[in-house]
Amino acid sequence: MIFSKTYTLSEIAALLKADFEGAPDKPITGINEIHVVNEGDITFVDHPKYYDKALNSKATTIIINKRMAAPKGKALIFHEAPFDAYNKLVKSFVKFVPALQKISPNVKVGEGTIIQPGVFIGEQVVIGKNCLIHANTTIYDNTIIGDHVIIHAGTVIGSDAFYFKKKPETGYDKMVSAGRVIIEDMVEIGALCTIDKGVSNDTLIGQGTKLDNQVHIGHDTRVGKNCLFAAQVGIAGVVVIEDDVILWGQVGVQKDLTIGKGAVILGKSGISKSIAGGKVYFGAPVEEVREKWKELALIRKLPEIIEDIKSLKGLE
Amino acid sequence: MIFSKTYTLSEIAALLKADFEGAPDKPITGINEIHVVNEGDITFVDHPKYYDKALNSKATTIIINKRMAAPKGKALIFHEAPFDAYNKLVKSFVKFVPALQKISPNVKVGEGTIIQPGVFIGEQVVIGKNCLIHANTTIYDNTIIGDHVIIHAGTVIGSDAFYFKKKPETGYDKMVSAGRVIIEDMVEIGALCTIDKGVSNDTLIGQGTKLDNQVHIGHDTRVGKNCLFAAQVGIAGVVVIEDDVILWGQVGVQKDLTIGKGAVILGKSGISKSIAGGKVYFGAPVEEVREKWKELALIRKLPEIIEDIKSLKGLE
Amino acid sequence: MIFSKTYTLSEIAALLKADFEGAPDKPITGINEIHVVNEGDITFVDHPKYYDKALNSKATTIIINKRMAAPKGKALIFHEAPFDAYNKLVKSFVKFVPALQKISPNVKVGEGTIIQPGVFIGEQVVIGKNCLIHANTTIYDNTIIGDHVIIHAGTVIGSDAFYFKKKPETGYDKMVSAGRVIIEDMVEIGALCTIDKGVSNDTLIGQGTKLDNQVHIGHDTRVGKNCLFAAQVGIAGVVVIEDDVILWGQVGVQKDLTIGKGAVILGKSGISKSIAGGKVYFGAPVEEVREKWKELALIRKLPEIIEDIKSLKGLE
């Protein structure tokens, strides 16, 4: 998430009521999780295991729960609960304002776009030209939608990331979502789909991609151009799906992996690690489809195998 | 379901136009299915196979399709179609009244709770403090929601149980739902989830539990505290899920079983019988994950096994 | 799709600005895809592989991208892009008109039918008697619903077919849906289901069939009478499901196949080819349940098989 204005280290530290090390006027231009930080960002780290990763990341300011000297070019903010501090910052920049009407006041809608009855559109949403938003759809704050986009009825765009941190005594703490959903031109989204906003980055649906009904796409996932996802496909968070990928019905994709350009995944498959493009896959866990068919054929030979062993044993 | 007032045996029998055996002023305090009855309840039985179970249950009044003497302490109502009689009773106590507006008149909403546009809230719903109900959500009659609950857009709470009884000539007869949905404090429910009301008991989501998008939870299912269910999980009716259970994406759970405390079920698994807590599971049907990995490794050895048998046969 | 009035060959050719061969006053009574055409229909063909099929189909007028003599009794319309021409025709007969209110003006609703708040009903929808349409449901244009039908909250009936044609340069082109959804008497549909309209024919849900929550049914699929589909079942397009079929939770059905009368499919199964009625099936890909259980039992014997081979080898 890039801030709408630049803050200084001392301003942010004051907001968190925390000590800091670094130039008080050091600029902070955005906030991001450790794996997606850019220069100018503030991030957080609360586990010694990840201290090095955070201190060597592109982030220029790090909220950390250990007193230490700041590495060269970096600033540190000392806080006993960096996760809570990060959430507090996000909340102060992404304020949720209760809506008073179905179409919020600060919404931009392009020429030729049709919005059917019962649609809810949150604050700062931008919708391009010649779109068709069907009835009872919900579009959360800050969503960006391109031109010639069709969204079918009841779909929900921009709901919060499913991202919780276990705390021993209080159950789960929620990571506040600071990102958006961006939908490029000529995308079509079926009925009753859900696309979550990014936690700190944006969730992206690339140009020309088509989603069937009841598809779920998790936070910070980036879908390429001209992909086809059939009904009831579910994709977790932080997934990269390259261009021209086809996922057939009820395919499930785990978080934090990449599906290569032009891969085709047959129905009901489950993908738990990155897979190369240009091939056809099937199964849960997924394999190349030829390997999977061979495997199924071999399993069907088991009665024969057992007979063979019996007769071999009889020969002893 | 506990009645809002106590009825007498003769009142209920009159409503059903049925004969009875027992003290006419015997109090009837609620109505339940045979497997969840409590003292004071009326229940029904229509198959000789279950007569003993019903007559020995905690129910104090039984609608039955056979004339017999009432067991000690019990009352009987004689009716040729006990299922229909039961449904008739439920319908007379749980009246569906068409709504005239999006927020029904007899709704209680706590301080600090935000209800976004397009939300429908049925009669007698109670919502606690500091909740956030996102746009276009539907909450059926009689639902009870605690404090600090977040419900994302388009979700449906309290729809009818999927519970039908086959009748040879008329197709399926529907069991009328008399129960409610109860959502405890600090629960978060994703977008486009469905939680059905109980048939005679309540469907329960325990404190601190978090549901991702497009999760389905069936009637009378009881989910413990601090569980996490990822997107597109589906849970049938009358399931017990103990505390701290994690179900990853697209897991399916059959009816009438228990998942023990702290169990973790990997994505796309299918659970068809009760499983112990504290372990990690995978597969459809589900196995402990280590067993499942071993099994998959053994299947990959099949080409080698077939080669071995060939060479053993060659030795003959 | 049957036209509301009969057109002539010359009228249609003029609309497409295309040459034709045949009697200018030849009547055209409807438009359909090649596999569902009837006499009087116009259809299209754009690949030499399917020329014969189109020219020998029941269609009386064919849009084709090759100049040739018309077969006896047929008319031809010559167009370099028959798919685009077909889409143009459909669009001119099935006009989408933006709705100005939640219940469109030309809607027929039978006596005793209750429509809860937030429901959207498109143009030309017909709903029978004594139905109950729960809150925030969306019913697209031209849907036909019988008597005593219950539709739970948030469900979407009549969304567009997921039917795209890859074009090398422009990504995917959408086939415009000309068909409808028809729901017969005494059907019950759960919350957050999606039923797509037909591409050229109608999608049909037969009398007395019951759908649980989050079920998806694709375009042109025809479901028989008294079927039961549990939650999160997904059925692709152009499927035929005969009467009395039971699909348990999360079953997936591929396109263009038939499930025979009375078949029962256990939860999480995947069906990729037609299956006979009257049997119980399980697995992905699906097998008769007894075969599947045998197979799973054989897989569990693999450690023993490997031991046997080891000791046989030891005997060498």
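Residues numbered from 1 in each chain as written. Chains lettered and ligands numbered in written order. Predicted model: local features only at pLDDT ≥ 70, side-chain atom pairs only at ≥ 80, totals over all residues.

**With respect to the overall build of chain A**
Helix and strand counts for chain A stand at 5 helices and 34 strands. With respect to the three principal axes, the spread of C-alpha positions in chain A is 85 × 60 × 35 Å. Buried positions account for 51% of the 316 residues belonging to chain A. (Helix = DSSP H or I, 4+ residues; strand = E, 2+ residues; numbered from the N terminus. Buried ≥ 20, exposed ≤ 12 C-beta atoms within 10 Å, placed from the backbone.)

**Focus: the environment of B:Tyr86**
All names here are of chain B. Along the chain, Tyr86 falls in helix 3 (residues 82-93). Residues Tyr86 and Ala59 lie 27 residues apart in sequence; the distance between their C-alpha atoms is 14 Å. In this structure Tyr86 touches Phe44 and Ile63, once residues within four positions along its chain are discounted. (Contact = placed C-beta atoms within 7 Å.)

**Topic: the domain arrangement of chain A**
All names here are of chain A. Split into domains, chain A comes out as domain 1 (2-93) and domain 2 (108-290). Averaged C-alpha coordinates put domain 1 and domain 2 at centres separated by 30 Å. Taken together, the contacts link 9 residues of domain 1 with 8 residues of domain 2. Looking at which element gives the most residues to the side of domain 1 that touches domain 2, the answer is helix 3 (residues 82-93), with 5 residues. (Domains from an automatic or database assignment.)

**Quick look at the sheet that holds strand 18 (residues 181-183) of chain A**
Residues and elements named next belong to chain A. Strand order in the open sheet formed by 8 strands is 7-10-13-18-21-24-27-30, with parallel pairing between adjacent strands. Because the sheet does not close on itself, it has two edges, and the strands there are strand 7 (108-109) and strand 30 (258-259). Sheet topology note: the strand 7/strand 10 (residues 126-127) ladder contains 2 bridges and is parallel. Each bridged residue has a counterpart across the sheet, and for Val109 the counterpart in strand 10 is Ile127. (Pairing = 2+ DSSP bridges.)

**Re the relation of the copies chain A and chain C**
Overlay of chain A on chain C (RMSD 0.1 Å): rotation 120°, translation along the axis 0.0 Å. What the rotation and shift describe, once combined, is the action of a three-fold rotation axis. (Least-squares fit on C-alpha atoms with pLDDT ≥ 70 in both.)

**Structural notes on the pairing of strand 16 (residues 164-167) of chain C**
All names here are of chain C. Pairing analysis gives 4 bridges linking strand 16 to strand 17 (residues 171-174), with the strands arranged antiparallel. Directly across from Lys166, in strand 17, lies its bridge partner Tyr172. The turn joining strand 16 and strand 17, which pair antiparallel and follow one another in sequence, is formed by 3 residues.

**Here's the deal with the environment of B:Tyr163**
All names here are of chain B. Locating Tyr163 in the fold gives a position in the loop between strand 15 (156-159) and strand 16 (164-167). Tyr163 sits 78 residues away from Ile241 along the chain, and the two C-alpha atoms are 20 Å apart. Those residues in contact with Tyr163 that sit more than four places away from it in its chain are Met175, Val199, His219 and Gly237.

**Notes on the pairing of strand 4 (residues 41-45) of chain C**
All names here are of chain C. Counting buried positions over the 5 residues of strand 4 gives 5, a clear majority of the element. Both faces of strand 4 are covered, namely the face carrying Asp41, Thr43 and Val45 and the face carrying Ile42 and Phe44. In terms of strand pairing, strand 3 (residues 27-31) meets strand 4 through 2 bridges, oriented parallel. Across the sheet, residue Gly30 finds its bridge partner in strand 4, namely Asp41.

**Some points on the sheet that holds strand 23 (residues 216-217) of chain C**
Residue and element names in this part refer to chain C. Spatial ordering of the open sheet is given by 9-12-15-20-23-26-29-32, a layout of 8 strands whose pairing is parallel. Since the sheet does not close on itself, it has two edges, and those belong to strand 9 (120-121) and strand 32 (270-271), each with one partner. With 2 bridges connecting them, strand 9 and strand 12 (residues 138-139) associate as parallel partners. Counted as the bridge partner of Ile121 is Ile139 from strand 12.

**As for the interface of chain B and chain C**
The interface is formed by 38 residues belonging to chain B together with 38 residues belonging to chain C. When contributions to the side of chain B that touches chain C are tallied by element, the ones reaching two or more residues are strand 15, strand 17 (171-174), helix 4 (289-299) and helix 5 (302-315) of chain B. In terms of residue count, helix 5 of chain B provides more of the side of chain B that touches chain C than any other element does, 5 residues in total. Here the side of chain B that touches chain C is built from residues that sort into 16 nonpolar, 16 polar and 6 charged. (Nonpolar A, V, L, I, M, F, W, Y, C, P; charged D, E, K, R; others polar.)

**Points about the interface of chain A and chain C**
Many descriptions give the size of an interface as the accessible area lost when the pieces come together. Facing the 38 residues of chain A at the interface are 38 residues of chain C. If one sorts the elements of the side of chain A that touches chain C by residue count, helix 5 (residues 302-315) of chain A sits on top with 7 residues. Of the residues contributing to the side of chain A that touches chain C, the split by class is 17 nonpolar, 15 polar and 6 charged.

**With respect to the nonpolar core**
Ranked by size, the top nonpolar core spans 260 residues in total, and within it A:Ile265, B:Ile265 and C:Ile265 carry the most contacts. In terms of nonpolar packing, the next biggest core, distinct from the first, is built from 9 residues, A:Leu302, C:Leu302, C:Ile305 and C:Ile309 among them. (Core = buried A, V, L, I, M, F, W, Y, C linked by C-beta atoms within 7 Å.)

**Some words on unusual backbone geometry**
Here the residue pair A:Ala284 and A:Pro285 is connected by a cis peptide bond, since its omega of 0° sits within 30 degrees of zero. Take A:Pro285: it is sitting in the loop between strand 33 (280-282) and strand 34 (287-288). We note that B:His148 has phi near 55°; this positive angle belongs to a residue other than glycine. Secondary-structure assignment places B:His148 in the loop between strand 13 (144-145) and strand 14 (150-151). Positive phi outside glycine occurs at C:Gln250, with the angle close to 65°. Secondary-structure assignment places C:Gln250 in the loop between strand 28 (246-247) and strand 29 (252-253).

**Some points on the confidence of the model for chain A**
For chain A, per-residue confidence averages 95 on the pLDDT scale, and residues scoring 70 or more make up 99% of the total. At the level of chain-chain contacts, confidence expressed as ipTM amounts to 0.95, with global pTM at 0.96. (pLDDT = per-residue confidence, 0-100.)

**A short note on helix 3 (residues 82-93) of chain C**
All names here are of chain C. In a regular helix each residue adds 1.5 Å, so 12 residues correspond to 16 Å; helix 3 covers 17 Å between its end C-alpha atoms and thus fits that length. Taken together, the buried positions of helix 3 are Pro82, Ala85, Tyr86 and Leu89. The arc that holds the buried residues of helix 3, viewed along the axis, is 100°, so those residues lie on one side. For helix 3, the elements touching its buried residues are helix 1 (9-15), strand 3, strand 4 and strand 5 (61-64). (Expected span 1.5 Å × (residues − 1). Arc of directions from axis to C-beta.)

**Regarding the environment of B:Gly112**
All names here are of chain B. Tracing the backbone through its elements, the reader meets Gly112 in the loop between strand 7 (108-109) and strand 8 (114-115). A C-alpha to C-alpha distance of 8.9 Å links Gly112 and Gly128, two positions 16 residues apart in sequence. Here Gly112 is in contact with Lys129 and Asn130, once residues within four sequence places are set aside.

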